[in-house]
Amino acid sequence: MSQVLSDGSQSRPWHAQSQWSQCSQEQLADADGGRRTLAGNVVVGSIGRSCSFASMMARASRQPPASWACDAELRGPWRSVTRPSGRHRMRDSIVDRRTWLEERRAAVQAAYDAEASTYADDPYPVEVQHRFVARLLDTCPPGGIVLDAPCGTGLYFPLVAASGRSVVGIDQSAGMLEQARARSIAVSLQHVGLQELAFDREFDAVMTVDAMENVFPEDWPVVLGNLHRALRPGGHLYLTVEETGEAAIADAFAALSARGLPAVRGEVIEGDVAGYHFYPGREQVFGWLEAEGLRIAEEETEALDGWAYWHLLLRSR
Ligand SMILES: C[S@@+](CC[C@H](N)C(=O)[O-])C[C@H]1O[C@@H](n2cnc3c(N)ncnc32)[C@H](O)[C@@H]1O
């Protein structure tokens, strides 16, 4: 069901259009603690199967939606259990990855909805973001149009407006969009997820600031593809990638696995992560950028207190 927003645009609920409808069983089976190699390959637990994550995504997108009742192909302690009747047993301590990730995405949406009205009260350092947004705006023609996806409360709208460009914002959180709308700067605000973006060569520049950490590994290629497709030829994309220490990643993976949850290494759901963070390795990100045809024009690593932001200014190869 779509919702008409105050600017006349229509919201497109992510749960009605999830990219999960294009994911294969095999792809999800790789979530059973599979170790991702530097080349972006996945070595699956004790089975030792190795295959390219990018090729899995390509294959998945060519396939019709997979049946979740195909238990034989699933591996790992978290797999959903199929009764002889073919129906799934309601989960107890065992949960399938798709269900778990849908819950995680809903948790992120709820977390931002809940904190939207006070989000701006707790600022964090954004000097480097400001610098990269300014660099991004320099790449835009005068009077150009910028997509801020997701825009949150519209923190960077004033910078865009001051440069003489116009801005369109999208976000999956209605609460955050409400705050963004109060700024009365964006020419359009749309209630839509990064995974469901359907813009086609409409923007001179795109920014995705402090948000990719909420995106599952399975959705990274889809999201990068959507952001890239939104750009006009020659346009630039400013993207941040949050990073954290190996020990934190290892501890989180051990804890989630011990709870029988279908996590992959890099996923964190507890602490200051709004319900879900994924920290990909740089080699993995390089692989996704390469597959999408995006090259790094500028980059900077900003070390913070126990974590970091990797700032990337990207353009088509
Ligand atoms: C930390 S805030 C950053 C917002 C803004 N880019 C900024 O820098 O102020 C993260 C935002 O990402 C949004 N978000 C997270 N996952 C999303 C998704 N899959 N699709 C669209 N928005 C998402 C949240 O609702 C939230 O507004």
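See the structure above.
Residues numbered from 1 in each chain as written. Predicted model: local features only at pLDDT ≥ 70, side-chain atom pairs only at ≥ 80, totals over all residues. Heavy atoms only, no water.

It is worth spelling out the layout of surface pockets at this point. Roughly 1200 Å³ of internal volume is contained in the largest pocket. Lining the largest pocket are 49 residues, with Y112, Y119, Y124, D210 and E213 sitting closest to its centre. When residues of the lining of the largest pocket are traced back to their parent elements, those giving at least two are helix 3 (97-115), strand 7 (166-171), strand 10 (231-244), helix 8 (246-258) and strand 14 (307-316). Looking at the lining of the largest pocket element by element, the count peaks at six residues for helix 3. Partitioning the lining of the largest pocket into residue classes produces 28 nonpolar, eleven polar and ten charged. Here the lining of the largest pocket gathers at least three residues from each of two domains, domain 1 (27-114) and domain 2 (117-316). (1 Å grid on protein atoms, 1.4 Å probe; cavity = no way out; pocket = protein on both sides within 12 Å on 5 of 7 lines; lining within 4 Å. Points joined across faces, edges and corners; volume = space filled by probe spheres on them. Helix = DSSP H or I, 4+ residues; strand = E, 2+ residues; numbered from the N terminus. Nonpolar A, V, L, I, M, F, W, Y, C, P; charged D, E, K, R; others polar. Domains from an automatic or database assignment.)

It is worth spelling out the site of the ligand at this point. In the vicinity of the ligand lie 20 residues, with P150, D171, L194, Q195 and V209 positioned nearest. One of the backbone nitrogen or oxygen atoms of P150 is found 2.8 Å away from a nitrogen atom of the ligand. For the ligand, a nitrogen atom lies 2.9 Å from a polar atom in the backbone of L194. In the complex, 98% of the free accessible area of the ligand, which totals 590 Å², lies under the protein chains. Using a 2 Å cut-off from the grid points, one finds that the ligand occupies the largest pocket. For the shell around the ligand, the per-class residue count stands at eleven nonpolar, six polar and three charged. (Near = heavy atom within 4 Å. Polar contact = N/O pair within 3.5 Å; in protein donor to acceptor, adjacent residues only side chain to side chain. Areas by Shrake-Rupley, 256 points an atom, 1.4 Å probe, with all protein chains shown as cover. Sits in = over half its atoms within 2 Å of the grid points.)

By the secondary structure assignment, T153 is in the loop between strand 6 (145-148) and helix 5 (157-162). Between the C-alpha atom of T153 and that of S173, which follows or precedes it by 20 residues, the distance is 9.8 Å. In contact with T153, other than residues within four places in its own chain, are A116, Y119, M176, Q179, A180 and R183. (Contact = heavy atoms within 4.5 Å.)

This brings us to the pairing of strand 14. A large share of strand 14 lies buried, amounting to seven of its ten residues. Both strand 10 and strand 14 contribute to a ladder of nine bridges, which runs antiparallel. Paired with L239 across the bridge in strand 14 is L312. Where strand 13 (residues 294-303) meets strand 14, nine bridges bridge the pair, whose relative direction is antiparallel. Directly across from E298, in strand 14, lies its bridge partner L313. Connecting strand 13 to the next strand, strand 14, in antiparallel fashion are three residues, including G306 with a positive phi near 85°. (Buried < 20%, exposed > 50% of the residue type's maximum accessible area, 1.4 Å probe, protein only. Pairing = 2+ DSSP bridges.)

L147, L197, W220, L227 and L239 are the most contacted members of the largest nonpolar core, which totals 44 residues. When residues of this core are traced back to their parent elements, those giving at least two are helix 3, strand 7, strand 9 (203-208), helix 7 (220-230), strand 10, helix 9 (282-292) and strand 14. Among the elements that line this core, the one with the most residues is helix 7, at five residues. A domain split of this core shows at least three residues from each of domain 1 (27-114) and domain 2 (117-316). Ranked by size, the runner-up nonpolar core spans 21 residues in total, among them V133, C151, F157 and A180. (Core = buried A, V, L, I, M, F, W, Y, C linked by side-chain atoms within 4.5 Å.)

Aromatic ring pairs: the centre-centre distance and the angle between the two ring planes describe each pair. Under the counting rule described, the total for this entry stands at seven aromatic pairs. Between the aromatic rings of W220 and W288, the centroid separation amounts to 5.0 Å while the plane-to-plane angle is 20°, which identifies the pairing as stacked. A residue pair is termed long-range when its members are at least 10 positions apart, and W220 in helix 7 and W288 in helix 9 qualify at 68 residues. Of the two residues, W220 and W288, neither departs from the other in class, the shared state being buried. Aromatic side chains W307 and Y309 sit 5.1 Å apart centroid to centroid with 80° between the ring planes, which places their arrangement in the edge-to-face category. For W307, a relative accessible area of 27% puts it in the partly exposed group. Judged by its relative accessible area of 4%, Y309 is buried. Taking NZ or CZ as reference, R282 lies 4.1 Å from the ring centre of W310, over its face. (Phe/Tyr/Trp six-rings, centres within 6.5 Å; stacked < 30°, edge-to-face > 60°. Lys NZ or Arg CZ within 6 Å of the ring centre and 35° of its normal.)

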